[in-house]
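# Chain and residue survey
Residues per chain, in single letters:
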Amino acid sequence: MKIGFFDSGLGGLTILKEAINKLNAKYIYVGDILNSPYGIKSKEEVKKYTFKNIKYLIDEGCKVIVIACNTATSICINDLRNMYKDICFIGTEPAIKPAISSSDHKKVLVMATSLTLKEEKLQNLINRLDAKNETVLLPMDKLVRFAEDGEKINYNLADKYIKEKFLNVNFEDFSSIVLGCTHFPLFREEFKKYIPKDIQIIDSASGVVNNMISHVNENKYLEENLDITIVLTKENKYFLSKACDILDIQNERINYQINNNL
């Protein structure tokens, strides 16, 4: 069985890392860096790019596909499930439910891209949890660029940006912070600098991977050697080295490809 991962860039590698730590399998990761970032694009653009890349993963034989992008999940996952009923799609969404469950009557700060925060899917989740008065939404779009642009992940600019965005946040009101974009866990240490130690930092990686493994086990999957292929929609000479750092793996362990047709 091949397991597909899709993201607009390298953020989804934070979930792939969790996956490879828990399950040896053949993974194909598509990063649409040609069209990144998704969080500031129109819904129509996100749908177009996502559908094209998901079709590639299906054509490659992936039966389980993790949409490791909150924006693409919120806009596309229902349509994809209707289009490909024999494929198991696992989406990512801000981990608001576990945050609310442990909120201790305080609020939850949800950080994501502007498009994710505006999408109906997130609003429906908040309404289902009856958590409208317990959630505060904070867009953090620039963190995606600090991760994607340049030779290395720009932790210094991210640090300054996070500090600025937190200036008007009264942390006494909050019990937890939800990292609602797969890029944001890359800056966990920068977040910690400005957040009191008693506030939880929650992301969706563990829940997504546990869900993935559950579906894999339903198909009576037999574990095999770890095999990782990364496919990019355009060349980026820095992506592989950043991917190796995130995954904590040597570059010779990764099959690295460029597909200009995506």
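The structure reproduced in this document is the subject of the present report.

Here is what the cut-offs are and how they apply
Residues numbered from 1 in each chain as written. Predicted model: local features only at pLDDT ≥ 70, side-chain atom pairs only at ≥ 80, totals over all residues. Heavy atoms only, no water. Buried < 20%, exposed > 50% of the residue type's maximum accessible area, 1.4 Å probe, protein only. Helix = DSSP H or I, 4+ residues; strand = E, 2+ residues; numbered from the N terminus. Pairing = 2+ DSSP bridges. Right-handed = clockwise from strand over helix to strand, strands pointing away. Phe/Tyr/Trp six-rings, centres within 6.5 Å; stacked < 30°, edge-to-face > 60°. Axes fitted to C-alpha atoms, helices over the stretch in contact; angles between N-to-C directions.

This next bit is on the pairing of strand β2 (residues 26-31). In terms of burial, β2 is a largely internal element, five of the six residues being buried. Strand direction decides the pairing type here: strand β1 (residues 2-7) and β2, joined by six bridges, are parallel. Looking at β2, one finds that Phe5 is bridged to Tyr29. Crossover handedness for the path β1 to helix α1 (residues 13-22) to β2: right-handed.

Throughout the structure, instances matching the rule amount to eight aromatic pairs. Here Phe166 and Phe171 contribute two aromatic rings whose centre-to-centre distance is 5.1 Å and whose plane-to-plane angle is 90°, an arrangement assigned as edge-to-face. Phe171 carries the same exposure label as Phe166, and that label is buried. Through successive ring pairs, a cluster of aromatic residues spans Phe6, Tyr38 and Tyr49.

Attention now moves to the sheet that holds strand β6 (residues 135-139). The four strands are arranged β6-β5-β7-β8 in an open sheet whose pairing can be described as parallel. Each of the sheet's edge strands pairs with one partner strand only, and the pair in question is β6 and β8 (200-202). For this sheet the average axis-to-axis angle between neighbouring strands, irrespective of direction, equals 20°. Where strand β7 (residues 174-179) lies against β8, three bridges are found, and the strand directions are parallel. Counterpart to Ile177 in the pairing with β8 is Ile201.

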